[in-house]
2 protein chains.
Amino acid sequence: MRVTFLGTGTSTGVPVVGCHCRVCTSSDPRNQRLRQSVKIEANGKHFLIDTTPDLRLQLLRHPIPRLDFVLYTHSHSDHLMGLDDIRPFNFRQREAIHAFASAPTAKAIRRAFAYIWDSSQIGGGKPQLVLHEVDGPFTHDGVDIVPLPVTHGDWTILGYRIGGFAYITDTNGIPDDTLRLLDGVDTLALDALRPAPRHPTHFTIDEAFAVAQRIGARETWLIHLAHEAEHGEVEARLPAGVRIAWDGLELDLE
Amino acid sequence: MRVTFLGTGTSTGVPVVGCHCRVCTSSDPRNQRLRQSVKIEANGKHFLIDTTPDLRLQLLRHPIPRLDFVLYTHSHSDHLMGLDDIRPFNFRQREAIHAFASAPTAKAIRRAFAYIWDSSQIGGGKPQLVLHEVDGPFTHDGVDIVPLPVTHGDWTILGYRIGGFAYITDTNGIPDDTLRLLDGVDTLALDALRPAPRHPTHFTIDEAFAVAQRIGARETWLIHLAHEAEHGEVEARLPAGVRIAWDGLELDLE
C-alpha cells in the first residue's frame, strides 16, 4: 500500500490568502499546504480520501492512472468542494465513480452537489457518482475499509483504517469504541491544527500527541496544520515516532 | 479600472487531469488555464466575478488588498465552488462580503453552501456573505453594474457590464435585448470554448467571433477555453481586434 499526502493544511490552506506572517511567507516548501487529502494505492486500486477544492492541482502534481473510488470523512467545504473534478476520470473510464460516506455526509453531498442527481444541467457533463452510505466495516474492490467515527466539534465524522494505516483528520476527540478499532495500527495520520490556542473542533499539537501515545502506532504523522505551525520548529520538539506530514509525503506501507 | 484575468479555462481547467494531449502537455504558459474568473479594481474597490475552485490559488498569484464584493454569473461548480475561500477577507475585514446574483443563481448558492446560513457548523468559521438578487442595473460601492442576461444551454445566466468593459462567460447565445445593453462597449471578454465541434452551451471560436463582430467592441478577448484550443495556433488565425486571453492578463481600461 502506498499513501501519498496530497494536502496537509487546514481549511484556508497555508499560506492563508493575504497573510504576511512568517509561516505564510516561509520559503520552506513544507510550510505550503494544500487542503487535507490523501491518495492511496492498495490492491492495485487507486482511491482518494476526500475531494478538496485543490483536487485538480493535487492530481496534476501527483497523477493517478485511474480513480477507483472515494472515501469521504465529512462534508466541510475544504474536504468536499473539488468533487466536480472527478469528471475527467468519468470521461476516460466511461463509468461512474463509487464513493462512501456516513449518512449525514451523504445527505450533505446530495445537497451541495444536487445537480449530479438533477436532470436540469446539460452541457459539459456532470460528475457520475454512486454514493454509498456506510455505518461499519466494508470491503470494496478487494480493499478492507474500517470507518472510524470521531468527534469534530458537534459532529461525528469518519476516519478510515485500511490494514495497518489509519487516517483521522478533523477531530477533537476519539471515542473509546473507535480507539478499540485502532488496536495494533502501525501508521497513523492524525489531525493537529496548531500548537495553541485550543480549538473547538481540532486537536492541538499537544492534544494530538497525547492521543497518539494512547493509540501507540509505530509512526504517527500530524496533519491538517494551520499557519500557526512552523514545520521545522514544531517538528523539532516532537518525540521519536511522531512527525509532521507535508504535501507530497509518500509512505510505503505493508 | 483594471481587469485581471485570474483564470481563462473551461470547467476542467487546462491541462485536464490525466490528459496527455499536445495542449495539456504544452510548455507555453498561455495553455495553462485555471477556471474562468476576473478580478476588477474600479472606483478604489476590489471585486471578483465568480469564485472558482481555484480561488485561493488565483488570489495567491494575484493578491488583492481587500475583497469588497462578488458578482456571480451562474452556479456551475467551476464558477462557484471556491466560495469558502472568501473567509480570510471576512476574518481580516471583520465584515460580511456582499454578493450579487440572479434569483436562480442565488437559490443554487443557498443550496450548495447551505451551511453559511445554518446554525449547525461551529469551528473554523463560515463565510459571511450577504447575497443580493439582481434583475437589472444597480450601483454598489459607487460602481455602476449592468447585468447582461445571456443563454447558456437551457439556462439564462448573467454577464456583467461595468462602464466600457463587458464580461460574458459561458454562453451560446446573446438575446437582442442584451445586445442593446452592449451598445458602445469598448472591451469585451467573451466565451469561446474551442475551435470545434459545436457545443450545446458554449460558443465555438468562430461563433464567438461572429458575435464579437456584431457587438463591435474595440477589443475582444476570448475566454473559457478548453484543451482543444492551442493558444498560439488559434490566435494566429484571428482577425485584428480579437485575441485569446490568458491567465494573468491585465487590462487597464478607462
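Below you will find a few notes about this structure. (Residues numbered from 1 in each chain as written. Chains lettered and ligands numbered in written order. Predicted model: local features only at pLDDT ≥ 70, side-chain atom pairs only at ≥ 80, totals over all residues. Heavy atoms only, no water.)

## Observations regarding the state of the cysteines
Stage number 1. Tallied over the entire structure, the rule returns zero disulfides over all chains.
Stage number 2. With no disulfide of its own, A:Cys24 has A:Cys21 as its nearest cysteine by sulfur position, at a separation of 3.7 Å. (Disulfide = S-S within 2.5 Å.)

## Digging into the interface of chain A and chain B
Interface size is commonly expressed as the accessible area that is lost once the parts come together.
Stage number 1. Taken together, the contacts link 43 residues of chain A with 43 residues of chain B.
Stage number 2. Summing both sides of the interface, chain A and chain B together bury roughly 3500 Å²; the carbon and sulfur share of this comes to 55%.
Stage number 3. Counting every contact that joins chain A to chain B gives four salt bridges.
Stage number 4. Linking chain A with chain B are 14 residue pairs in polar contact (both at pLDDT 80 or more), by the criterion used here.
Stage number 5. If you list the elements that add at least two residues to the side of chain A that touches chain B, you get helix H1 (55-61), helix H3 (87-93) and helix H4 (103-112) of chain A.
Stage number 6. Of the residues contributing to the side of chain A that touches chain B, the split by class is 20 nonpolar, 13 polar and 10 charged. (Contact = heavy atoms within 4.5 Å. Buried area = accessible area lost by both parts, 1.4 Å probe. Salt bridge = Lys/Arg side-chain N within 4 Å of Asp/Glu carboxyl O. Polar contact = N/O pair within 3.5 Å; in protein donor to acceptor, adjacent residues only side chain to side chain. Helix = DSSP H or I, 4+ residues; strand = E, 2+ residues; numbered from the N terminus. Nonpolar A, V, L, I, M, F, W, Y, C, P; charged D, E, K, R; others polar.)

## Some thoughts on the pattern of salt bridges
Stage number 1. What the rule picks out here adds up to 37 salt bridges over all chains.
Stage number 2. A:Arg214 is the partner of A:Asp176 in a salt bridge, and the nearest nitrogen-oxygen pair spans 3.3 Å. Taken as a pair, A:Asp176 in helix H5 (residues 176-181) and A:Arg214 in helix H6 (residues 205-215) lie far apart in primary sequence, 38 residues in all.
Stage number 3. Looking at A:Asp176, the relative accessible area reads 45%, which means it is partly exposed.
Stage number 4. The class for A:Arg214 is exposed, based on a relative accessible area of 61%.
Stage number 5. Residue B:Arg2 pairs with B:Asp252 through a salt bridge whose shortest N-O separation is 2.8 Å. Within this pair, whereas B:Arg2 is found in strand S1 (residues 2-7), its partner B:Asp252 is found in strand S14 (residues 250-252), the two being separated by 250 residues in sequence. (Buried < 20%, exposed > 50% of the residue type's maximum accessible area, 1.4 Å probe, protein only.)

## Re H6(A)
Residue and element names in this part refer to chain A.
Stage number 1. Of all the positions in H6, only Ile 205, Glu 207, Ala 208, Val 211, Ala 212 and Ile 215 are classed as buried. On an axial view of H6, the arc spanned by its buried residues comes to 160 degrees, and they lie on one face. Facing away from the buried side of H6 by more than 90 degrees, the exposed set consists of Gln 213 and Arg 214.
Stage number 2. Among the structural elements, H5, strand S11 (187-191), strand S12 (219-223), helix H7 (231-236) and strand S13 (242-244) are those in contact with the buried residues of H6. (Arc of directions from axis to C-beta.)

## Quick word on the sheet that holds strand S9 (residues 155-162) of chain B
All names here are of chain B.
Stage number 1. As summarised here, the arrangement of the seven strands in space is S7-S8-S9-S10-S11-S12-S13, forming an open sheet in which the pairing is mixed. The open sheet has two free edges, formed respectively by strand S7 (138-140) and strand S13 (242-244), since each of these has just one partner strand. Pairwise comparison of adjacent strand axes, ignoring direction, gives a mean angle of 25 degrees for this sheet.
Stage number 2. Two elements, strand S10 (residues 165-168) and strand S11 (residues 187-191), share four bridges in a ladder whose sense is parallel. Within S11, the residue paired with Ala 166 across the bridge is Leu 188.
Stage number 3. Packed onto the sheet, helix H6 (residues 205-215) meets S11, strand S12 (219-223) and S13 and runs at close to 150 degrees relative to S11. (Pairing = 2+ DSSP bridges. Axes fitted to C-alpha atoms, helices over the stretch in contact; angles between N-to-C directions.)

## Looking at H6(B)
Residue and element names in this part refer to chain B.
Stage number 1. For H6, the complete set of buried residues consists of Ile 205, Ala 208, Val 211, Ala 212 and Ile 215.
Stage number 2. Elements that come into contact with the buried residues of H6 comprise helix H5 (176-181), S11, S12, helix H7 (231-236) and S13.
Stage number 3. The first or second residue beyond H6 is Gly 216, which carries a positive phi of 75 degrees.

## Considerations on unusual backbone geometry
Stage number 1. Here the residue pair A:Val14 and A:Pro15 is connected by a cis peptide bond, since its omega of 0 degrees sits within 30 degrees of zero.
Stage number 2. With respect to the helices and strands, the residue A:Pro15 is situated in the loop between strand S1 (2-7) and strand S2 (37-42).
Stage number 3. At B:His224, a residue that is not glycine, the phi angle is positive and equals roughly 65 degrees.
Stage number 4. Residue placement: B:His224 occurs in the loop between S12 and H7.

## Description of empty space enclosed by the protein
Stage number 1. A full pass over the atoms with the stated rule returns two cavities of 30 Å³ or more.
Stage number 2. Looking at the largest cavity, the residues that line it are A:Arg35, A:Pro53, A:Asp54, A:Arg56, A:Leu57, B:Arg35, B:Pro53, B:Asp54, B:Arg56 and B:Leu57.
Stage number 3. Elements that contribute at least two residues to the lining of the largest cavity include exactly H1 of chain A together with helix H1 (55-61) of chain B.
Stage number 4. Estimates place the volume of the second largest cavity at around 40 Å³.
Stage number 5. Considering the residues around the second largest cavity, the lining is formed by A:Ser11, A:Arg35, A:Pro53, A:Ser77, A:Asp78, B:Met81, B:Gly82, B:Asp84 and B:Asp85.
Stage number 6. Within the lining of the second largest cavity, the residues separate by chemical class into two nonpolar, three polar and four charged. (1 Å grid on protein atoms, 1.4 Å probe; cavity = no way out; pocket = protein on both sides within 12 Å on 5 of 7 lines; lining within 4 Å. Points joined across faces, edges and corners; volume = space filled by probe spheres on them.)

## Observations regarding the packing of aromatic side chains
Stage number 1. Applying the stated rule across the entire model yields 11 aromatic pairs over all chains.
Stage number 2. Relative to A:Phe69, the ring of A:Phe47 lies with its centre 4.4 Å away and its plane at 10 degrees, an arrangement referred to as stacked. With A:Phe47 in strand S3 (residues 45-49) and A:Phe69 in strand S4 (residues 69-71), the pair connects residues that are 22 residues apart, well separated along the chain. Neither A:Phe47 nor A:Phe69 differs from the other in exposure class; each is buried.
Stage number 3. The interplanar angle of 45 degrees and the centroid separation of 6.5 Å between the aromatic rings of B:Phe165 and B:Tyr167 together place this pair among those described as tilted.
Stage number 4. Look at B:Tyr167 and you get buried, because its relative accessible area is 0%. (Phe/Tyr/Trp six-rings, centres within 6.5 Å; stacked < 30°, edge-to-face > 60°.)

## Details of the relation of the copies chain A and chain B
Stage number 1. Once turned by 180 degrees and shifted 0.0 Å along the axis, chain A lies on chain B with an RMSD of 0.0 Å. Here the copies are linked by what is in effect a two-fold axis. If distances are taken from each C-alpha of chain A to the rotation axis, the shortest is found for A:Ala112, at 1.9 Å.
Stage number 2. Comparing contact sets, 100% of the residues at the interface of chain A also lie at the interface in chain B, consistent with an isologous, same-surface contact. (Least-squares fit on C-alpha atoms with pLDDT ≥ 70 in both.)

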